[in-house]
Amino acid sequence: MSRILFICLGNICRSPMAEAVMRKLVKERGLEAKYEIDSAGLISYHEGEGADPRMKFHAKRHGYLLTHISRPVREMDFDLFDLIVSMDDSNWERLHRLAPTVEAETKIVRMTDYCRTHVIDHVPDPYYGGDQGFENVIEILEDACEGLLEELEKLEGKV
Ligand code: 4NP
């Protein structure tokens, strides 16, 4: 069982989208029993809210239903999850400050390190931008989640 936690700032745009993309990929491949997938944010400002309506709208256009309710990341997440996936450098740095141990820090990775077609180092925050930003997030996350799942399956010697 691999437990994956996607992290962004507010947990209403990028990380719930990553969670939905990963869930769909895992389901399509019949791997649901092997993966536990969740998302969380670095701020609690949107705690208890569903995803941003703009993210939901664009997600739906691509066949994803966003049902996640925003929650802040907690110290115990570093015990509960095997991989903590950050969307940008700011997330990555804040996660390192939150990690309770050096071992916990080794679980933190960057989403874009798994991209296979995009050459980028972060998933741009779409919150203050327009429609294209949200479309861009989905395109990047589809690329990155495919790469991540392939990597994890390879580690198990299954691909
Ligand atoms: P996310 O986007 O980190 O992808 O969920 C944002 C959501 C909320 C805010 C910023 C980014 N905010 O400033 O409230």
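Here the structure is a predicted model, which is why all the values come from computation and not from measurement.

Help me understand the overall build of the chain in this model?
When helices and strands are tallied, the chain shows six helices and four strands. Secondary structure elements of the chain, listed N to C terminal, follow the sequence β-α-β-α-α-β-α-α-β-α. Overall, the C-alpha framework of the chain stretches about 40 × 35 × 30 Å when taken along its three principal axes. Residue burial in the chain is summarised as follows: out of 159 residues, 48% are buried. Across the chain, every contact between residues at least 6 apart in sequence was considered, and the portion connecting residues at least 24 apart equals 75%. Looking at the chain as shown, the accessible area adds up to about 8,200 Å², and 51% of this sits on carbon and sulfur atoms.

Where do I start with helix α1 (residues 14-28) in this structure?
Turn by turn, an α-helix covers 3.6 residues, leaving residues three or four places apart pointing in a common direction. Taking 1.5 Å of rise per residue, 15 residues should cover 21 Å, and α1 covers 21 Å from first to last C-alpha, within 8% of that figure. For α1, a buried count of eleven out of 15 residues is recorded, marking the element as mostly surrounded by other parts of the structure. Buried within α1 we find Arg14, Ser15, Pro16, Met17, Ala18, Glu19, Ala20, Val21, Met22, Leu25 and Val26. Looking at the buried side of α1, the elements it contacts are β1 (2-8), β2 (35-41), α2 (53-61) and α6 (131-155). Looking one or two places after α1, you find Gly30, whose phi comes out positive at around 65°.

How should the site of the ligand be read in this particular structure?
As a matter of local geometry, the ligand sits amid Cys8, Leu9, Gly10, Asn11, Ile12, Cys13, Arg14, His46, Asp125, Tyr127 and Tyr128. The separation between an oxygen atom of the ligand and a polar main-chain atom of Cys13 is 2.9 Å. His46 has a polar side-chain atom sitting 2.8 Å from an oxygen atom of the ligand. With the chains in place, 93% of the 350 Å² that the ligand exposes on its own is no longer accessible.

For this particular structure, what's the right way to read the sheet that holds β1?
Strand pairing in a sheet relies on backbone hydrogen bonds, with the paired strands running either antiparallel or parallel. Strand order in the open sheet formed by four strands is β2-β1-β3-β4, with parallel pairing between adjacent strands. Edge strands, defined here as strands with exactly one partner in the open sheet, are β2 and β4 (108-110). Neighbour-to-neighbour, the strand axes of this sheet turn through a mean angle of 30°, independent of strand direction. Looking at chain direction, strand β3 (residues 83-86) and β4 are connected through three bridges and run parallel. Opposite Ser86, over in β4, you have Arg110 as the bridge partner.

The rules behind the values
- Residues numbered from 1 in each chain as written.
- Predicted model: local features only at pLDDT ≥ 70, side-chain atom pairs only at ≥ 80, totals over all residues.
- Heavy atoms only, no water.
- Helix = DSSP H or I, 4+ residues; strand = E, 2+ residues; numbered from the N terminus.
- Buried < 20%, exposed > 50% of the residue type's maximum accessible area, 1.4 Å probe, protein only.
- Contact = heavy atoms within 4.5 Å.
- Areas by Shrake-Rupley, 256 points an atom, 1.4 Å probe, with all protein chains shown as cover.
- Expected span 1.5 Å × (residues − 1).
- Near = heavy atom within 4 Å.
- Polar contact = N/O pair within 3.5 Å; in protein donor to acceptor, adjacent residues only side chain to side chain.
- Pairing = 2+ DSSP bridges.
- Axes fitted to C-alpha atoms, helices over the stretch in contact; angles between N-to-C directions.

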